[in-house]
Amino acid sequence: MNLFRKIKQLFSWQQPPTRSAGMAMQAANPKMAQKILGMLEKTQEEELTCDEVFALLDQFAEMTARGENVSELMPLVELHLEICGDCREEYESLMNVIQHPA
Ligand SMILES: [Zn+2]
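Read on for an overview of the structure. The structure presented is a predicted model; accordingly, all values stated were derived computationally and were not measured.

We now examine the overall build of the chain. In terms of helices and strands, the chain carries seven helices and zero strands. Reading the chain from its N end, one meets helices and strands in the order α-α-α-α-α-α-α. For the chain, buried positions account for 20% of its 102 residues. Within the chain, contacts between residues separated by at least 24 positions form 59% of all contacts whose residues are at least 6 apart in sequence. Surface accessibility of the chain: about 8,200 Å² in total, with carbon and sulfur atoms responsible for 55%.

Here's what the structure looks like:
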């Protein structure tokens, strides 16, 4: 018996039924998949655009600097910063200005 061939068969048998990526992920790592799926659901439900986040970013950064609970007050902005590198960069440079005024 050829083990390599057997493994290959096993994989080719598993591949064709291309089910939803979600199911495949869930099988691989349930916790991670749930986290990602939850994140996707959130973004789909209550997504802010980059423009909207940019408009709120000044306020958000100032509130963060004052130590206010932004996760509760502006959860959507915080969520967007988690998933959007562009806005996070903008936010970080804003924070930098606020914390180190010229
Ligand atoms: Zn953005």
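Having seen it, we continue.
Counting residues in each nonpolar core, the largest one holds 15 residues, and the members touching the most others are Val53, Leu57, Phe60, Val77, Leu81 and Tyr91. Counting residues per element, this core draws most heavily on helix 4 (residues 50–65), which supplies five residues. Among residues more than four places away in sequence, those in contact with Phe60 are Val70, Met74, Val77, Glu78, Leu81 and Tyr91.

Turning our attention to the coordination of the zinc ion. Protein coordination at the zinc ion: the donors are Cys50 (SG), His80 (NE2), Cys84 (SG) and Cys87 (SG), at 2.0 to 2.3 Å from the metal. For the zinc ion, the four donor atoms are set out with angles of 101 to 113 degrees between them, so the coordination reads as tetrahedral. Between the donor residues of the zinc ion, the gaps in sequence give the motif C-x29-H-x3-C-x2-C. Taken individually, Cys84 and Cys87 each receive the classification buried, so the pair is uniform in this respect.

Turning our attention to the environment of His80. Among the structural elements, His80 can be located in helix 6 (residues 75–83). With residues up to four places along the chain from it excluded, the contact list for His80 reads Leu48, Thr49, Cys50, Val53 and Cys87.

About the thresholds
- Residues numbered from 1 in each chain as written.
- Predicted model: local features only at pLDDT ≥ 70, side-chain atom pairs only at ≥ 80, totals over all residues.
- Heavy atoms only, no water.
- Helix = DSSP H or I, 4+ residues; strand = E, 2+ residues; numbered from the N terminus.
- Buried < 20%, exposed > 50% of the residue type's maximum accessible area, 1.4 Å probe, protein only.
- Contact = heavy atoms within 4.5 Å.
- Areas by Shrake-Rupley, 256 points an atom, 1.4 Å probe, with all protein chains shown as cover.
- Core = buried A, V, L, I, M, F, W, Y, C linked by side-chain atoms within 4.5 Å.
- Donors = N, O, S within 2.8 Å, 3.2 Å for Na, K, Ca; no water.
- Tetrahedral: all angles 85-135°; square planar, octahedral: opposite > 155°, others 65-115°.

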